[in-house]
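# Breakdown of the fold
Here is what each chain is made of, one letter per residue.
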Amino acid sequence: MTNALIVYGTRYGATASTSEDIAETLSKEGLDVKVVNLKKDKVKDITEYELIIVGSGIQIHKWTGEPDKFLKKFQKELAEKKVALFVCCGSAEPIDEKEDKAESRENARTKYLKEKAAKYNLQPIAMGLFGGVYNFNNMSWFFRKTMSAIKPQLEAAGVPETEPGLYDTRDTNAIRNWAKEVAQKV
Ligand SMILES: Cc1cc2nc3c(=O)[nH]c(=O)nc-3n(C[C@H](O)[C@H](O)[C@H](O)COP(=O)(O)O)c2cc1C
């Protein structure tokens with residue numbers, strides 16, 4: 001059985017539930033999967049894992065610090081393993097009608113995934129670009145104020161409000177299909 005480790009960093013929760021979704025699909029495909037929220041727990045050793053998936057949410061064009069530190073810490077070991085990266089971000093599912101969706105996705109793929117892989121000399125077997133959530137309940141006062149301008153856009157774009165104040169732009173099928181592809185590559 002292939003041992004897989006998913007590590008992630010999140011601010012608003014999208015990367016956490018996406019990680020759980022990926023883990024569920026990988027388990028169904030026969031992998032033994034451990035999921036670690038790096039903001040809560042540390043990983044000391046990755047020897048036992050053949051597949052490592054590293055995920056982060058994006059805020060103001062930046063990954064969360066912890067998965068980035070993970071990539072730095074284990075850079076050497078990761079070069080010998082199967083690695084996949086994914087991000088949850090607004091640019092994957094732009095809500096502004098005027099924005100070119102394909103261009104936004106391509107820019108995000110370059111900035112948030114390809115450049116990150118290059119930074120740590122990684123050749124990932126897959127790079128997943130997924131939508132995110134806009135959770136107005138746990139944004140800071142400042143972000144809630146500045147981001148509230150996009151609420152009408154979220155509503156106009158028909159983004160589901162899955163709980164009061166939480167809009168989810170993710171495509172669950174795309175996440176599960178990506179995880180299946182990853183499972184088939186290991
Ligand atoms: C203050 C703020 C800034 C954001 N900045 C970006 C950004 O620069 N690029 C992007 O694609 N998405 C951006 N987003 C959307 C987030 O990527 C989205 O909320 C995602 O769910 C974050 O991942 P997390 O839920 O795991 O923290 C931003 C969201 C917020 C609230």
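Whatever comes next refers back to the structure up there.
In short, a report on the structure. Being a predicted model, the structure only gives us computed values, none of them experimental.

Cut-offs used in this document
- Residues numbered from 1 in each chain as written.
- Predicted model: local features only at pLDDT ≥ 70, side-chain atom pairs only at ≥ 80, totals over all residues.
- Heavy atoms only, no water.
- Core = buried A, V, L, I, M, F, W, Y, C linked by side-chain atoms within 4.5 Å.
- Buried < 20%, exposed > 50% of the residue type's maximum accessible area, 1.4 Å probe, protein only.
- Helix = DSSP H or I, 4+ residues; strand = E, 2+ residues; numbered from the N terminus.
- Contact = heavy atoms within 4.5 Å.
- Expected span 1.5 Å × (residues − 1).
- Bend = angle between axes of the 7 residues up to and from the residue.
- Polar contact = N/O pair within 3.5 Å; in protein donor to acceptor, adjacent residues only side chain to side chain.
- 1 Å grid on protein atoms, 1.4 Å probe; cavity = no way out; pocket = protein on both sides within 12 Å on 5 of 7 lines; lining within 4 Å.
- Points joined across faces, edges and corners; volume = space filled by probe spheres on them.
- Nonpolar A, V, L, I, M, F, W, Y, C, P; charged D, E, K, R; others polar.
- Domains from an automatic or database assignment.
- Near = heavy atom within 4 Å.
- Areas by Shrake-Rupley, 256 points an atom, 1.4 Å probe, with all protein chains shown as cover.
- Sits in = over half its atoms within 2 Å of the grid points.

Moving on to the nonpolar core. Leu5, Val43, Ile46, Phe70 and Leu78 are the most contacted members of the largest nonpolar core, which totals 27 residues. Elements with a contribution of two residues or more to this core: strand E1 (3-9), strand E3 (51-57), helix H2 (65-73), strand E4 (82-88) and helix H4 (101-119). At four residues, the largest contribution of residues to this core is made by H4. Non-local contacts of Leu78, meaning those with residues more than four positions away in its chain, are made with Ile46, Ile52, Phe70, Leu71, Val83 and Leu122. Listed in part, the 21 residues of the second largest apolar core include Ile6, Leu26, Leu31 and Leu51.

With that settled, the discussion passes to H4. Relative to the 27 Å expected for 19 residues at 1.5 Å per residue, H4 spans 26 Å between its end C-alpha atoms, a close match to the ideal helical length. If you look at H4, its biggest bend is around 35°, right at Thr110. Inspection of H4 places Ser104, Ala108, Tyr112, Leu113, Lys116 and Ala117 among the buried residues, and these make up the whole buried set. Residues of H4 that are buried in the fold lie against H2, E4 and strand E5 (126-130). For H4, the capping residue at the N-terminal end is Asp100, with a side-chain oxygen 3.1 Å from the backbone nitrogen of Ala102. Immediately downstream of H4, the backbone of Asn121 shows phi near 55°, a positive value.

Moving on: the layout of surface pockets. By volume, the largest pocket amounts to about 800 Å³. Lining the largest pocket are 36 residues; nearest its centre among them are Ile58, Cys89, Gly90, Tyr134 and Met147. When contributions to the lining of the largest pocket are tallied by element, the ones reaching two or more residues are helix H1 (14-28), H4, strand E6 (133-135) and helix H5 (141-147). Looking at which element gives the most residues to the lining of the largest pocket, the answer is H4, with five residues. Its residues placed into classes, the lining of the largest pocket shows 17 nonpolar, 14 polar and five charged. Formed jointly, the lining of the largest pocket draws a minimum of three residues from each of two domains, domain 1 (3-132 + 169-185) and domain 2 (134-168).

Next up on the list: the site of the ligand. Neighbouring residues of the ligand: 22 residues in total, closest Thr10, Thr15, Ile58, Ser91 and Val133. Between the ligand and the protein, one listed contact pairs an oxygen atom with a backbone N or O atom of Tyr12 at 2.7 Å. One of the backbone nitrogen or oxygen atoms of Cys88 is found 3.5 Å away from an oxygen atom of the ligand. When isolated, the ligand has an accessible area of 620 Å², and the protein chains bury 93% of it. Judged by the proximity of its atoms to the pocket grid, the ligand belongs to the largest pocket. Broken down by secondary-structure element, the contributors of at least two residues to the shell around the ligand are H1, E6 and H5. For the shell around the ligand, the per-class residue count stands at 12 nonpolar, nine polar and one charged. Lining the shell around the ligand are residues from two domains, each supplying at least three of them: domain 1 (3-132 + 169-185) and domain 2 (134-168).

Purely geometric numbers; function is a separate question.
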